[in-house]
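# Structural features, examined
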Amino acid sequence: MRILYISFLLTLFSLSFSNAQLLTNKHTFTRQDTLRGSITPERAWWDLTYYHLDIKVEPDNKFISGKNTIHYKVLEPYNVMQIDLQPPLKLIKAIQNGEELAIKHDENAHFITLKQPQNTNTVNTLDVYYEGHPKEAIRAPWDGGISWKKDKNGKHFIASSCQGLGASVWWPCKDHMYDEVDSMLISVNIPAKLTNVSNGRLRLVERIGDTKTFHWVVKNPINNYGVNINIGDYVNFSEVYDGMAGNLDMDYYVLRDNLEKAKEHFKDAPKMMEAFEYWFGQYPFYADSFKLVEVPYLGMEHQSSVTYGNQYKKGYLGNDLSGTGWGLKFDFIIIHEAGHEWFANNITYKDVADMWIHEGFTAYSENLFLDYHYGKQAASEYVIGTRRLIKNDRPIIGEYHVNHEGSGDMYYKGSNMLHTLRQLIEDDEKWSKILRGLNTTFYHQTVTTKQIEDYISEQTGYDLTEFFNQYLRTTLIPTLEYKIEGKNLKYRWTDIVDNFDMPVQVKVNNTEKWLYPKGDWKTHTSESKIKTFEIDADFYVASKKS
Ligand SMILES: [Zn+2]
């Protein structure tokens, strides 16, 4: 998503309160959370194949109306279908084969009773019509909805953002991440003086009176929150990138007044593509092109139309999240949000509880960008620097089936976990092969944490069960407790899950060495009296001398 929840300065100030928060993170979940967050019987029987979202946006009235034509394959016969749409928007009718169907409304979920027999393996279509004033985003992209803004020239500047909250905040859909359409058409009718930019490629612009309809075609699977509309007084420039899979169209849509600035500033985009194709493998959506689209909020990883609002500054709104200086070498939003094309849009979580798959790997991609362009030392300093943002308030993985995100630590504890893993593997060729392998093995798929864990364990040849349990499912930081007695170094892990036995690199009297600590004390005997001892800072662990 949507980068960090609060500004990094606020985060630093709040570090001292993080212990208190440990006690206040118990959630209670509602029936609506379950309807939204689980694969209900009314969802499980059908598989999405295609959406045609066809809407009219009236900026002066802040009003949306239109329909979504849903194509789906019947997996097993059933006659009630759940479609999600959040009030104040209204689902006004559902039509199949020319017949209007009965709808039972339950707040955000709508249960449509189908009349036509639903035979296994047939592909059917259903039209759902809706309209209303969608929830307005106040602090996009964090709260989500539609941002109805104006640019400096008084022109409408409008954008959708909806991760977490759900796409059903602005259009009717099957609002669960496990099921993606294989392709999509997005048609948006707006006043003729404005331009709408959505995902994929622009197929056609139709002039209808004083309006225009923009038809955007997405040829690849896309998740719900990845779908977007961006409406403004846009101008466009583009380049062709010579990428791993041939020519890649890279298109940029920015406000008219920002064209010259953007042409200079967006040079980070091809640099990003070069670094990430190297580390993660080919860009996953060549057929849909890559776009950066200026929006009135900070940014979001909308698939093939990554949205940008970082004010043409380096870093995160001009700030370095790592505090090392390296964070000012790149535009955070271009690098981070585009990194999500691999981890979020290509490999997508099935359940938002596993959101670290998006944010952990993408926060990690920031240091891989530095690694590619500035070297290993820069990358290492950056990722270690971001540890100041880790709170250890609650586990990275959230609760399943209730649309619940884990801790914000999924970003920089996630990236530091992966950086630690790179040290354990101690073979960068192998590590990049694993990162690329994830992107080919789970190409255009929705996945669980377990699948990612199993793949990495299998490829490394290590059983990483406890490693992932420790970092993803607890707030404990493995602590290397040690004593120095003459030539003897005694050491053990504390604050660990059962059977945690991660090796760690240390320097004893300035000589590098691997230790293999467990929960019980072990002894290393040095050749001479131990004068200095340090743990390799690349490992995200704590230490305690006793
Ligand atoms: Zn993100």
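Described below are features of the structure shown in this document. (Residues numbered from 1 in each chain as written. Predicted model: local features only at pLDDT ≥ 70, side-chain atom pairs only at ≥ 80, totals over all residues. Heavy atoms only, no water.)

## Overview of the overall build of the protein chain
A tally of helices and strands in the protein chain yields 13 helices and 29 strands. Here the C-alpha radius of gyration of the protein chain, 25 Å, is about what a compact globule of 546 residues would show, namely 24 Å. By its C-alpha atoms, the protein chain is 85 × 55 × 45 Å across when sized along the principal axes. Here the protein chain holds 546 residues, and 59% of them are scored as buried. Counted over contacts in the protein chain with a minimum sequence separation of 6, partners at least 24 positions apart contribute 69%. With the model as given, the accessible surface of the protein chain reaches about 21400 Å², and the carbon-plus-sulfur share is 49%. For the protein chain, the distance from the average site of its 60 positive side-chain charges to the average site of its 71 negative ones is 4 Å. (Helix = DSSP H or I, 4+ residues; strand = E, 2+ residues; numbered from the N terminus. Rg over C-alpha atoms; globule rule 2.2 N^0.38 Å. Buried < 20%, exposed > 50% of the residue type's maximum accessible area, 1.4 Å probe, protein only. Contact = heavy atoms within 4.5 Å. Areas by Shrake-Rupley, 256 points an atom, 1.4 Å probe, with all protein chains shown as cover. Lys, Arg positive; Asp, Glu negative; His and termini not counted. Charge placed at Lys NZ, Arg CZ, Asp CG, Glu CD.)

## Overview of the layout of surface pockets
A water-sized probe, rolled over the atoms, reveals where empty space remains. Estimates place the volume of the second largest pocket at around 460 Å³. What lines the second largest pocket is a set of 26 residues, and nearest its centre among them are N258, E294, V295, G309 and Q311. Looking at side-chain class alone, the lining of the second largest pocket contains 12 nonpolar, 7 polar and 7 charged residues. (1 Å grid on protein atoms, 1.4 Å probe; cavity = no way out; pocket = protein on both sides within 12 Å on 5 of 7 lines; lining within 4 Å. Points joined across faces, edges and corners; volume = space filled by probe spheres on them. Nonpolar A, V, L, I, M, F, W, Y, C, P; charged D, E, K, R; others polar.)

## Description of the sheet that holds strand 6 (residues 102–106)
Across the sheet, 3 strands lie side by side as 3-7-6; this open sheet has antiparallel pairing. Taken across any chain shown, the strands that pair with only one partner, and hence form the sheet edges, are strand 3 (80–84) and strand 6. Going from strand to strand, the sheet's axes swing by 25° on average, the running direction of each strand aside. When strand 6 meets strand 7 (residues 109–113), the two strands line up antiparallel, connected through 5 bridges. Of the residues in strand 7, the one forming a bridge with I103 is I112. (Pairing = 2+ DSSP bridges. Axes fitted to C-alpha atoms, helices over the stretch in contact; angles between N-to-C directions.)

## Here we look at empty space enclosed by the protein
Going through the model one piece at a time under the given rule, you end up with 1 cavity of 30 Å³ or more. Approximately 150 Å³ is the volume found for the largest cavity. R36, M177, Y349, V352 and N403 are the residues nearest the centre of the largest cavity, which is lined by 17 residues in total. Among the residues forming the lining of the largest cavity, the class breakdown is 6 nonpolar, 7 polar and 4 charged.

## A few points about the sheet that holds strand 9 (residues 145–150)
If you trace the 4 strands from one edge of the open sheet to the other, you get 9-10-15-12, paired in antiparallel fashion. Sheet topology places strand 9 and strand 12 (195–197) at the edges, where each strand pairs with a single neighbour. The mean angle between the axes of side-by-side strands here comes to 15°, regardless of whether they run parallel or antiparallel. Pairing of strand 10 (residues 156–161) with strand 15 (residues 230–232), which is carried by 2 bridges, proceeds in the antiparallel orientation. Bridged to A159 within strand 15 is N230.

## Overview of the environment of Q96
Relative to the helices and strands, Q96 is located in strand 4 (residues 90–96). Judged by its relative accessible area of 3%, Q96 falls in the buried class. As for Q96 and T69, which are separated by 27 residues in sequence, their C-alpha atoms are 9.8 Å apart. Excluding residues within four positions of it along the chain, Q96 makes contact with Y72, L101, L114, Q116, Q118, N124, T125 and L126.

## Here we look at unusual backbone geometry
The omega torsion across P87 and P88 is 10°, close enough to zero to call that bond cis. Residue placement: P88 occurs in the loop between strand 3 and strand 4. Cis peptide bonds are those with omega within 30 degrees of zero, and the linkage from A140 to P141 qualifies with 0°. Assignment of secondary structure puts P141 in the loop between strand 8 (123–132) and strand 9. Not every positive phi belongs to a glycine, and A344 is a case in point at roughly 150°. Here A344 is to be found in the loop between helix 7 (332–339) and strand 21 (347–349). Take A344: its relative accessible area is 0%, and that puts it in the buried class.

## Considerations on helix 7
Counting buried positions along helix 7 gives 8 out of 8 residues, so the element sits mostly inside the fold. All of the buried residues along helix 7 are F332, I333, I334, I335, H336, E337, A338 and G339. The backbone nitrogen of I333 has a side-chain oxygen 2.9 Å away, supplied by the residue at the start of helix 7, namely D331. (Polar contact = N/O pair within 3.5 Å; in protein donor to acceptor, adjacent residues only side chain to side chain.)

## Focus on the packing of helix 8 (residues 356–374) against helix 12 (residues 449–460)
A pair of packed helices is characterised by two quantities: the angle between their axes and the separation of those axes. Contact pair helix 8 / helix 12: the axes reach a minimum separation of 11 Å and the direction vectors enclose 45°. The angle between the axes of helix 8 and helix 12 places the two elements in the oblique class. From helix 8, W356, I357 and F361 reach across to helix 12, where they touch T449, I452 and I456. (Parallel < 35°, antiparallel > 145°, perpendicular 65-115°, else oblique.)

## A look at the packing of aromatic side chains
All told, the structure shown has 39 aromatic pairs when counted by the stated rule. On the numbers, 5.1 Å between centres and 90° between planes, the contact of Y51 with W171 is edge-to-face. Here Y51, found in strand 1 (residues 46–58), pairs with W171, found in the loop between strand 10 and strand 11 (183–191); they are 120 residues apart in sequence, far enough to count as distant. Taken as a pair, Y51 and W171 share a single burial class, namely buried. An aromatic cluster is defined as three or more aromatic residues linked by ring pairs; in this entry it consists of F276, F280, Y283, F285, Y286, F290, W342, F343, W356 and F361. The cationic tip of K174 hangs over the ring face of W46; the distance from NZ or CZ to the ring centre is 4.0 Å. Here the basic side chain of K483 rests over the ring of W521, its NZ or CZ set 4.5 Å away from the ring centre. (Phe/Tyr/Trp six-rings, centres within 6.5 Å; stacked < 30°, edge-to-face > 60°. Lys NZ or Arg CZ within 6 Å of the ring centre and 35° of its normal.)

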